[in-house]
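For reference, the chains in residue letters:
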Amino acid sequence: METSAVELQMSTDAVHQRETGERPPLEQTAQDEEISREALHADEAAYREKEGPFRRLSRKLTRPDSLDVESMRVKEMDHAAPVASFSFILKLAYQSIGVVYGDLGTSPLYVYSSTFTSGIKTNDDILGVLCLIIYTIIATPLVKYIFIVLRANDNGEGGTFALYSLICRHVKLSGAHAQQPTDLNISSYKLETPSTKMARATRIKEALEKSRAWQNVLLLIVLLGPCLVIGDGSLTPAISVLSAIQGISVNVSGLSPNVSVIITVVVLAALFSLQRFGTHRVAFLFGPAMLAWFFSIGIIGLYNIFRWDPSVFKALNPWYGLNYFIRNKVDAWASLGGIVLCITGNEAMFADLGHFTVKSMQVAFTFLVFPSLLCAYIGQASFLMKNQLDDDVAYTFYRSVPKPIYWPMFGVATCAAIIASQAMISATYSMIRNAMSLGCFPRVTIVHTSKKVHGQIYIPEINWIIMVLSITIVGGFRSTTQIGHAYGIAVVGVFFISTCLLTLIMLMIWQTNIFLCALFFTVFFIIEGIYFSAVLSKVTQGGWVPLVIAACFLTIMYSWNFGTRMKRLYEVSHKISLDWVLSLGHSLGISRVPGVGLVYTELPQGVPAIFRHFISNLPAIHSTLVFVCIRHISVSTVPEDERILIRRLGPRNYRMFRCAVRYGYTDHVDGAESDGQTFENMLLASLERFIRTEAAEVTPESGLASSHAASPSHHKLDRPCESSVSNDSCGSDIGAKTVDELEADQEAYTNEEVLFLQKAREAGVVYVLGDSDIHAKSDSWFPKRIIINKIYKFLRRNCRNNTLYLSIPKDRLLKVGMEYYV
């Protein structure tokens, strides 16, 4: 008999707990108890099946999970992505130029001016800086990101949360959303389970699972990454647009710097105001504009090389970079804060991966972006070898442009700067959406601006926050040099985090050779560590800005994650036993009135505490009850045919069901689905399909046996056995009937149940939603009281209402209030 991956994982965890004496988390223990009770009911039903004359018409369950019946239907479906054609890859590569590489491509506007802030001493300094720029671009964007980091995608999605998602699916982390066994059946959730041969990965996995401290450290690192990206998203529009607009003063003498600042503020305000219309309305301009930009800077770079000083190719010798440090010492180290700006935008490459493919981004960077950037930097260095006036250094890019094409290049540069800003703004939206889906950010409004491209979203709250930050930064610093100091900290901080997370993935998931892992971590830790130490020295010169922005968003994210986790643990520990609910009888001790009640709960197993509160204080409840659990799985997306899982709670005459609606962190919970149906229609249609599928899977006798076995009170069905007939006589009547008669009775009862559901739906659908208020106990530690009672409560009051987030109609909403003390 074959063993499923779920069973193997459960047995492995059980052996590990016996050997180490480790207690599983409270949430996991409660789930195991629920599964054990369901296993007992399933075994009883299976025993009665074998005693009867008929067997199940479908294969038996491999394990008795509450939602495994539905997940088994799609478990073996092949969702492998088709192989992309070469023409399709080229098309995506062209599109990625306008969306992904804008920030990286506009770096030549301000790198040299941010590096030589005190002027140029000798030509050897120019060669040294150029050498460092060349090998920095080769090491970080080309080698690390294009050929290594992009491989660590989560079903095509990139970013820090994609790396964390891979780790969460491999390790049971208490800070992550609880992993259910049925989640492993999602086609996009497949991950190889470590065997005994994977000793190193198993040791790392066990160390993480046992250490709460390391789990918190990992969570803080993961949350810090998006916070720095948000800071980056505030700085990119400021430095990109300002550096482009300042080019006016090159050909317009006597222009006040305040004029450039005012024009920049106007452009930024217009840029952020247009976000609500969606990038798809202006995206067709992005590709051609950035294509013209890269070709222009490449051709101008080649022109400057041959016009001014072709000897700059000597900088390809690494000795010039080393000699630069030997001669300038501390000054050379401090100038790294400007050199690092040549690789800004790498984080956008990974964050925006979901819009494209790995191969398309590799093709675009390797064959266009990389050579164009090299030509641009080498050409500007050649220009500086012969032109070293203050204005030549401060406006290197515009001074190196031939005068006949100056104004056309100014227009192209301004468009490229705006596009670069758009790339980071979109990446910030994606980060916030992913954080919110994983329970790490308060609910905000997400507007999908395109019906064709799923990833094009607009978040009004974040948009205006970034706009205010960007305009404030421009008005406060008024110089690209000062903004560059702040920019570097956010950039290098994201590099550091990706290196740490990727090393963990290489060790634990990819099973990479230990020496290659050590080589990767050592090389990039040294490179990024040197750059990070240099940019930290700029904290007093403006580098504090991204640190303050990151600290504010980190406080919000961690507080929301902590409060959500405490609330979930409380609900798990206080949930109601299914046996207690069944003991109340099919009427649940109160009147059942026509209608459908959708009881929302965060528990994928068990009955929430609000249900006891509901039936204890109200005299009636709906004839059909569905416990709906909206679950966000740590995968990028859940296919629509695998999204809804349904099972029955108790015998048929209880009319109670459990429904788990699963979303990936890039999926959106919306009232309108792609086919035009509302969520309510989709759920009830799935429920009707489940009733019919359930009848098709089980023969009439096994179905009756299962129903009687599941009820401790042995409540009889209205059909096919009448209430006045005993269980024994009912069983003898079934034995006396032919197969056709049994099937006819079963079909008649199924049709009657479907008709009952339809009439209940016509009577009205009511949404029952828990409105709980969480408080920290008086004896809790002080930081916990601050987070729960102050920060988390403030965020709950001011974030988007849960009814709006779930698209619940207000006229059919019933809230059940409760107080939680954690």
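Just so you know, these numbers come straight off a predicted model, no measurement behind them.

1. Here we look at the overall build of the chain
Right, on to step 1. Regarding its fold elements, the chain presents 32 helices and 8 strands.
Right, on to step 2. With 822 residues in all, the chain has 56% of them scored as buried.
Right, on to step 3. Relative to all contacts within the chain whose residues are 6 or more apart in sequence, the contacts with residues 24 or more apart total 84%.
Right, on to step 4. Carbon and sulfur atoms make up 61% of the accessible area of the chain, which amounts to about 34,100 Å² in all.

2. Brief notes about the nonpolar core
Right, on to step 1. In terms of nonpolar packing, the biggest core is built from 160 residues, with Tyr101 and Trp293 touching the most fellow members.
Right, on to step 2. Tallying contributions element by element places helix H22 (residues 480-508) first for this core, with 16 residues.
Right, on to step 3. Leaving out residues up to four positions away in the same chain, Tyr101 has contacts with Ser96, Ile146, Met290, Phe294, Met349, Met361, Ala364, Phe365 and Val369.
Right, on to step 4. Grouped together as the second largest cluster of nonpolar side chains are 35 residues, Leu588, Val599, Val816 and Tyr820 included.

3. As for a negative patch on the surface
Right, on to step 1. The grouping of Asp740, Glu741, Glu743 and Glu747 at the surface amounts to a negative patch.
Right, on to step 2. The residue Glu743 is located in helix H30 (residues 739-763) in this model.
Right, on to step 3. Assessed through its relative accessible area of 45%, Glu743 is described here as partly exposed.

4. Digging into the pairing of strand S7 (residues 765-775)
Right, on to step 1. One ladder, built from 4 bridges, connects strand S3 (residues 591-601) with S7; its direction is parallel. By the bridge assignment for S7, Val599 is matched with Val768.
Right, on to step 2. The pairing of S7 with strand S8 (residues 813-821) spans 9 bridges and is parallel. Paired with Asp771 across the bridge in S8 is Gly817.

5. Remarks on the pattern of salt bridges
Right, on to step 1. Using the criterion set out here, one finds 10 salt bridges in the structure.
Right, on to step 2. Note that Asp392 is salt-bridged to Arg399, the shortest N-O span being 3.8 Å.
Right, on to step 3. Classification of Asp392 as buried rests on a relative accessible area of 8%.
Right, on to step 4. Classification of Arg399 as partly exposed rests on a relative accessible area of 33%.
Right, on to step 5. Several salt bridges share partner residues, and in doing so they unite Asp391, Asp392 and Arg399 into one network.

6. Section: the packing of helix H10 (residues 212-245) against helix H12 (residues 257-273)
Right, on to step 1. In contact at an axis separation of 9 Å, H10 and H12 are set at 130° when each is read in the N-to-C sense. The angle between H10 and H12 places the two elements in the oblique class. Relative to H12, H10 is oriented so that their crossing is right-handed. Taking contact as the criterion, the partners of Pro237, Ala238, Val241, Leu242 and Ile245 in H10 are, on H12, Ser260, Ile263, Thr264, Val267, Leu268 and Phe272.
Right, on to step 2. Considering only residue class, the contact of H10 with H12 consists of 9 nonpolar, 2 polar and no charged.

7. So, unusual backbone geometry
Right, on to step 1. With a phi angle near 60°, Gln511 is a residue other than glycine that sits in the positive phi range.
Right, on to step 2. Examined against the element boundaries, Gln511 turns out to sit in the loop between H22 and helix H23 (514-536).

8. Some thoughts on the packing of H22 against helix H24 (residues 544-573)
Right, on to step 1. Remark: H22 packs on H24, axes separated minimally by 7 Å, with the N-to-C direction vectors making an angle of 45°. Classified by the angle between their axes, H22 and H24 sit oblique to one another. Residues Ala486, Ile489 and Ala490 of H22 lie in contact with H24, whose contacting residues are Val545, Pro546 and Leu547.
Right, on to step 2. The residue inventory of the contact of H22 with H24, partitioned by class, reads 6 nonpolar, no polar and no charged.

9. Here's the deal with H12
Right, on to step 1. Its 17 residues place the ends of H12 25 Å apart at the C-alpha level, agreeing with the 24 Å of an ideal helix rising 1.5 Å per residue.
Right, on to step 2. Those residues of H12 that sit buried are Ser260, Val261, Thr264, Val267, Leu268, Leu271 and Phe272. Down the axis, H12 shows its buried residues gathered within 130° of arc, on one side only. Turned more than 90 degrees away from the buried face of H12, the exposed residues are Ile262 and Val266.
Right, on to step 3. Looking at the buried side of H12, the elements it contacts are H10, helix H20 (406-437) and helix H21 (460-477).

10. Overview of the environment of Thr202
Right, on to step 1. Structurally, the position occupied by Thr202 is in helix H9 (residues 199-210).
Right, on to step 2. With 32 residues separating them in the primary sequence, Thr202 and His170 have C-alpha atoms 9.9 Å apart.

11. Topic: the sheet that holds S7
The strands making up a sheet associate through hydrogen bonds between their backbones, and the pairing can be parallel or antiparallel.
Right, on to step 1. Spatial strand order, S5-S6-S4-S3-S7-S8: 6 strands in an open sheet with mixed pairing. Sheet topology places strand S5 (644-649) and S8 at the edges, where each strand pairs with a single neighbour. On average, each strand axis in the sheet is tilted by 25° relative to the strand beside it, whichever way the strands run.
Right, on to step 2. Packed on one face of the sheet, helix H26 (residues 609-617) meets S3, strand S4 (620-632), S7 and S8 and runs near 120° to S8.

12. Things to note about the packing of aromatic side chains
Right, on to step 1. Per the counting criterion, the structure on display carries 24 aromatic pairs.
Right, on to step 2. Ring geometry for Phe397 and Tyr398: centres 5.2 Å apart, planes at 80°, overall edge-to-face.
Right, on to step 3. Judged by relative accessible area, which is 4%, Phe397 ranks as buried.
Right, on to step 4. Among the aromatic side chains, those forming a connected cluster through ring pairs are Trp293, Phe397, Tyr398, Tyr406, Trp407 and Phe410.

13. Some remarks on H22
Right, on to step 1. The first and last C-alpha atoms of H22 sit 42 Å apart over 29 residues, in line with the 42 Å expected at 1.5 Å per residue.
Right, on to step 2. At Ala486, H22 shows its maximal kink, close to 25°.

14. Section: the side chain of Ser470
Right, on to step 1. Mapped onto the elements, Ser470 comes out in helix H21.
Right, on to step 2. The class of Ser470 is buried, set by a relative accessible area of 0%.
Right, on to step 3. When neighbours within four sequence positions are excluded, Ser470 is seen to be in contact with Gly233, Ser234, Pro237, Ala238, Leu268 and Phe272.

Definitions and cut-offs
Residues numbered from 1 in each chain as written. Predicted model: local features only at pLDDT ≥ 70, side-chain atom pairs only at ≥ 80, totals over all residues. Heavy atoms only, no water. Helix = DSSP H or I, 4+ residues; strand = E, 2+ residues; numbered from the N terminus. Buried < 20%, exposed > 50% of the residue type's maximum accessible area, 1.4 Å probe, protein only. Contact = heavy atoms within 4.5 Å. Areas by Shrake-Rupley, 256 points an atom, 1.4 Å probe, with all protein chains shown as cover. Core = buried A, V, L, I, M, F, W, Y, C linked by side-chain atoms within 4.5 Å. Patch = residues over 30% accessible without salt bridge, like charges linked within 9 Å, V, L, I, M, F, W, Y side chains within 5 Å. Salt bridge = Lys/Arg side-chain N within 4 Å of Asp/Glu carboxyl O. Lys, Arg positive; Asp, Glu negative; His and termini not counted. Charge placed at Lys NZ, Arg CZ, Asp CG, Glu CD. Pairing = 2+ DSSP bridges. Axes fitted to C-alpha atoms, helices over the stretch in contact; angles between N-to-C directions. Parallel < 35°, antiparallel > 145°, perpendicular 65-115°, else oblique. Left-handed = near helix turned anticlockwise from the far one by under 90°. Nonpolar A, V, L, I, M, F, W, Y, C, P; charged D, E, K, R; others polar. Expected span 1.5 Å × (residues − 1). Arc of directions from axis to C-beta. Phe/Tyr/Trp six-rings, centres within 6.5 Å; stacked < 30°, edge-to-face > 60°. Bend = angle between axes of the 7 residues up to and from the residue.

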